[in-house]
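Observations on the model geometry
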Amino acid sequence: MTQTKTQTTLVLGGTGKTGRRVAQRLTALGRPVRVGSRAGRPRFDWQDRATWAPALDDVAAVYVSYYPDIAIPGAAETVGSFAELAIRSGVPRLVLLSGRGEPQAELAEQAVRASGAELTVLRSAWFAQNFSEDYLLGPVLAGEVVLPAGDVPEPFVDADDIADVAVAALTQDGHAGQVYELTGSRSLTFAEAVGEIARATGRQICYLPVQIDEYAAAAVGQGVPAEVVELLAYLFSEVLDGRNARIADGVRRALGREPRDFTGYARHTAASGVWDIPAAIGADR
Ligand SMILES: NC(=O)c1ccc[n+]([C@@H]2O[C@H](COP(=O)([O-])OP(=O)(O)OC[C@H]3O[C@@H](n4cnc5c(N)ncnc54)[C@H](OP(=O)(O)O)[C@@H]3O)[C@@H](O)[C@H]2O)c1
């Protein structure tokens, strides 16, 4: 089949938690995909603007997942510049992954909108997959999740739902101009979320709330880079202060169905084996 300019989708963060799923879905639909990451061909690096134009060559739409976080200082300027280049390169359709209740993330949304793009914003809750594909996997495997998250409820969203909405916005008309707040179907405290994972795995896993200062000091002691500690402290003190506890209807508005439930996420993730601990480590648990 001849591929026309209007088909290829650039998926930034295309090897990450949401981008990987977006790329898989587009490929399954028979749509050409270019993964935009430092491992991509051509390479794409947010820190190296010379890599942006080659990645945009011959592209019709872009899924924009910024790294490390859309709310960090400088992110708005960087994604805004990228969006301007996309428009100048003849790429009108952008789908931006953003965060909920974060003024800094909204600045980034505005910067992208100002480019004149046909923009869909996915304002997402905390990903369930942080427990299985990111920094909370180690603690789950260790049987103890220590976090400065108190007992604030969070409507964890499934990355598969984010990817479904992203693909709809990238491939169908009617989503440009929309801001979709993406959450799960109910809010859970971290204690409840960890409890669901424990039930699904049949293992004892506990949640231990700590103060933010204690958490940051321990992270520094474990050699976590200062900027990462700063980012985590920001996320836990601001994003998880209760402002985002309510559920939202973005998944239903975009897809006409309810979001996936956390219990289902915990069950199928447990079945995948990612939370299995090697026998040598697990023998004494
Ligand atoms: N995690 C959440 O709960 C959550 C909730 C709401 C919003 N968000 C937003 O989601 C976005 C992605 O965060 P995430 O934690 O989910 O990450 P992620 O998408 O799981 O993983 C990182 C991805 O970014 C790429 N990457 C890393 N450094 C890069 C660089 N310098 N230039 C280009 N690509 C780079 C990685 O590929 P390479 O290593 O090959 O470059 C990988 O594809 C952030 O903007 C965050 O604000 C996250």
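Residues numbered from 1 in each chain as written. Predicted model: local features only at pLDDT ≥ 70, side-chain atom pairs only at ≥ 80, totals over all residues. Heavy atoms only, no water.

1. Some thoughts on the overall build of the protein chain
- From N to C terminus, the protein chain includes 13 helices and 8 strands.
- Expressed along its principal axes, the backbone C-alpha trace of the protein chain runs to roughly 55 × 35 × 35 Å.
- For the protein chain, buried positions account for 52% of its 285 residues.
- If you take every contact in the protein chain between residues at least 6 apart in sequence, the share linking residues at least 24 apart comes to 78%.
- Surface summary for the protein chain: the accessible area is close to 13,000 Å², and the carbon and sulfur share equals 52%. (Helix = DSSP H or I, 4+ residues; strand = E, 2+ residues; numbered from the N terminus. Buried < 20%, exposed > 50% of the residue type's maximum accessible area, 1.4 Å probe, protein only. Contact = heavy atoms within 4.5 Å. Areas by Shrake-Rupley, 256 points an atom, 1.4 Å probe, with all protein chains shown as cover.)

2. Section: the side chain of T120
- Assignment of secondary structure puts T120 in strand β5 (residues 118-124).
- The contacts of T120, once residues within four sequence positions are left out, are L94, V95, L96, A169, H175, A176, Q178 and Y180.

3. Some details on the site of the ligand
- Surveying the vicinity of the ligand reveals 25 residues, the closest of which are T15, S37, R38, Y66 and N130.
- Within the contact set of the ligand, an oxygen atom lies 2.6 Å away from a side-chain nitrogen or oxygen of T15.
- Take W46: an N or O atom from its main chain is 2.9 Å from a nitrogen atom of the ligand.
- Taken by itself the ligand offers 890 Å² of open surface, and the protein chains cover 86% of this. (Near = heavy atom within 4 Å. Polar contact = N/O pair within 3.5 Å; in protein donor to acceptor, adjacent residues only side chain to side chain.)

4. Some thoughts on the packing of helix α8 (residues 190-201) against helix α12 (residues 262-272)
- Where α8 meets α12, the closest approach of the two axes is 9 Å, and the angle between their N-to-C directions is 40°. Comparing their axes, α12 and α8 come out oblique. As α8 runs across α12, the sense of the crossing is right-handed. On α12, the residues that touch A193, E196, I197, A200 and T201 of α8 are F262, T263, A266, R267 and A270.
- Class assignment of the residues belonging to the contact of α8 with α12 gives a composition of 6 nonpolar, 2 polar and 2 charged. (Axes fitted to C-alpha atoms, helices over the stretch in contact; angles between N-to-C directions. Parallel < 35°, antiparallel > 145°, perpendicular 65-115°, else oblique. Left-handed = near helix turned anticlockwise from the far one by under 90°. Nonpolar A, V, L, I, M, F, W, Y, C, P; charged D, E, K, R; others polar.)

5. Quick notes on the pattern of salt bridges
- All told, the structure shown has 25 salt bridges when counted by the stated rule.
- Linking R246 and E181 is a salt bridge whose minimum nitrogen-to-oxygen distance equals 3.4 Å. With R246 in the loop between α10 (226-239) and α11 (250-255) and E181 in strand β7 (residues 179-182), this pair connects stretches of sequence that are 65 residues apart.
- Linking D241 and R243 is a salt bridge whose minimum nitrogen-to-oxygen distance equals 3.0 Å.
- The class for R243 is partly exposed, based on a relative accessible area of 35%.
- One salt-bridge network, in which partners are shared between bridges, spans R20, R21, R25, E133, D160, D161, D164, R257 and R260. (Salt bridge = Lys/Arg side-chain N within 4 Å of Asp/Glu carboxyl O.)

6. Looking at unusual backbone geometry
- A cis geometry characterises the amide bond from R41 onward to P42, with omega recorded as 0°.
- Structurally, the position occupied by P42 is in the loop between β2 (33-36) and α2 (52-56).
- A cis amide bond links Y67 to the next residue, P68, at an omega of 10°.
- Within the secondary structure, P68 is located in the loop between β3 (61-64) and α3 (75-88).
- Even without glycine at this site, D58 takes up a positive phi of about 65°.
- What makes D58 partly exposed here is its relative accessible area of 39%.

7. With respect to the nonpolar core
- In terms of nonpolar packing, the biggest core is built from 34 residues, with F131, L147, F156, F190, F236 and F262 touching the most fellow members.
- Of all elements in the fold, only α6 (137-142), β6 (144-147), α8, α10 and α12 reach the threshold of two or more residues within this core. (Core = buried A, V, L, I, M, F, W, Y, C linked by side-chain atoms within 4.5 Å.)

8. Notes on α10
- A rise of 1.5 Å per residue sets the reference length of α10, with its 14 residues, at 20 Å; its end C-alpha atoms lie 19 Å apart and thus fit the reference within 8%.
- Turning to α10, its buried residues are V229, L231, L232, Y234, L235, F236 and V239.
- Looking at the buried positions of α10, the neighbouring elements they touch are β6, α8 and α9 (212-221). (Expected span 1.5 Å × (residues − 1).)

9. Here we look at the sheet that holds β7
- Ordered in space as β2-β1-β3-β4-β5-β7, the 6 strands form an open sheet in which the pairing is parallel. Pairing within the sheet leaves two strands with one partner each, and these edge strands are β2 and β7. Going across the sheet, the axis of each strand differs from the next one's by a mean of 15°, ignoring polarity.
- Relative to β3, strand β1 (residues 9-12) runs parallel, the two sharing 3 bridges. In the sheet register, L10 faces β3, and the bridge partner there is V62.
- Packing of helix α4 (residues 103-113) onto the sheet brings it into contact with β4 (93-99), β5 and β7, and relative to β4 it is tilted by some 170°.
- On the sheet, helix α7 (residues 159-171) packs against β1, β3, β4, β5 and β7 and is oriented at approximately 155° with respect to β4. (Pairing = 2+ DSSP bridges.)

10. What about the environment of E181?
- Considering only alpha carbons, one finds E181 and R252, 71 residues apart in sequence, at a separation of 10.0 Å.
- Within polar-contact distance, the side chain of E181 engages the side chain of R100 at 2.7 Å.

None of the figures reported here should be taken as evidence of function without further support.
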